[in-house]
Amino acid sequence: MPSIPSVEAVLSAAEKDSSKLLGLAFGEQRITTPGQYLPRSDAKKEPQISFNVSSGTYIVINLDLDTPFPSLSFLGPVLHWIHPGFKPSKNTTVTGETILTTSAPFVANYIGPSPPPVSSPHRYVFLLYEQPDGFDVEKYAPKNGKPVGLWPRIRYDLDAFAKEVNLGPVLAANYFRT
């Protein structure tokens, strides 16, 4: 069973401690306050990720916690993105955080927000983990970079994936509402 309460606890910690806040930028739109509203059209493409680190390799995971409706989220969480191999670049953002970049293949391609038209806003959560030593990207990346279908994304069991690949604690998190 997916562990939404544990993700919500991480979000609460990031809201209270800015050192745990993951930098997200969709073009000119920066998510500076956890939970701020972002139109779905602004989040069609994967965001620029930033965090205050100088070395290491990281994995980013993005989930929609509120599928199909925030008051009735029996299909959630829905996986929107898993991308390993993020490393600090030499560039920094306007906030002084280091931009993280990757050339590694994705584990699950990014899909933008798409709550049903009659739904209230959904929470789109981004989690940053240190990539475990020996993480085999090729084992988890889809063959030939093929997009991941819908069914493996529904009711995504983050805890099972974290256990399987030996993820440690979440280092940083952020989210927006759409």
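For the structure itself, consult the block above.
Residues numbered from 1 in each chain as written. Predicted model: local features only at pLDDT ≥ 70, side-chain atom pairs only at ≥ 80, totals over all residues. Heavy atoms only, no water.

A closer look at the pattern of salt bridges
Point 1. Counted under the stated rule, the structure contains 3 salt bridges.
Point 2. Across the salt bridge formed by Arg-123 and Glu-8, the nearest N and O atoms sit 2.8 Å from each other. Of this pair, Arg-123 sits in strand β8 (residues 123-130) while Glu-8 is found in helix α1 (residues 4-16), placing the two residues 115 residues apart along the sequence.
Point 3. Since its relative accessible area comes to 16%, Arg-123 is described here as buried.
Point 4. A salt bridge links Arg-123 to Asp-66; the nearest nitrogen and oxygen atoms lie 2.7 Å apart. (Salt bridge = Lys/Arg side-chain N within 4 Å of Asp/Glu carboxyl O. Helix = DSSP H or I, 4+ residues; strand = E, 2+ residues; numbered from the N terminus. Buried < 20%, exposed > 50% of the residue type's maximum accessible area, 1.4 Å probe, protein only.)

Comments concerning the nonpolar core
Point 1. One finds Ile-61, Ile-82 and Phe-161 to be the most contacted residues of the largest nonpolar core, which totals 27 residues.
Point 2. For this core, the secondary structure elements donating two or more residues are α1, β5 (58-64), β6 (78-92), β8, α2 (137-140), α3 (158-165) and β9 (170-177).
Point 3. If you tally residues by element for this core, the top one is α3, at 4 residues.
Point 4. The residues contacting Ile-61, other than those within four sequence positions of it, are Leu-79, Trp-81, Ile-82, Val-125, Phe-126, Leu-127, Tyr-129, Leu-158, Phe-161 and Leu-167.
Point 5. Core analysis: the next-biggest nonpolar cluster, separate from the first, contains 20 residues, Leu-22, Phe-26, Tyr-110 and Ala-172 among them. (Core = buried A, V, L, I, M, F, W, Y, C linked by side-chain atoms within 4.5 Å. Contact = heavy atoms within 4.5 Å.)

What about the environment of Tyr-140?
Point 1. Secondary-structure assignment places Tyr-140 in helix α2.
Point 2. Judged by relative accessible area, Tyr-140 falls into the buried class, the value being 17%.
Point 3. Placed 58 residues apart in sequence, Tyr-140 and Ile-82 show a C-alpha to C-alpha distance of 9.9 Å.
Point 4. Apart from residues no more than four positions distant in its own chain, Tyr-140 is found in contact with Val-107, Phe-135, Phe-161, Glu-164 and Val-165.
Point 5. One polar contact links Tyr-140 to Glu-164, side chain to side chain, over a distance of 3.0 Å. (Polar contact = N/O pair within 3.5 Å; in protein donor to acceptor, adjacent residues only side chain to side chain.)

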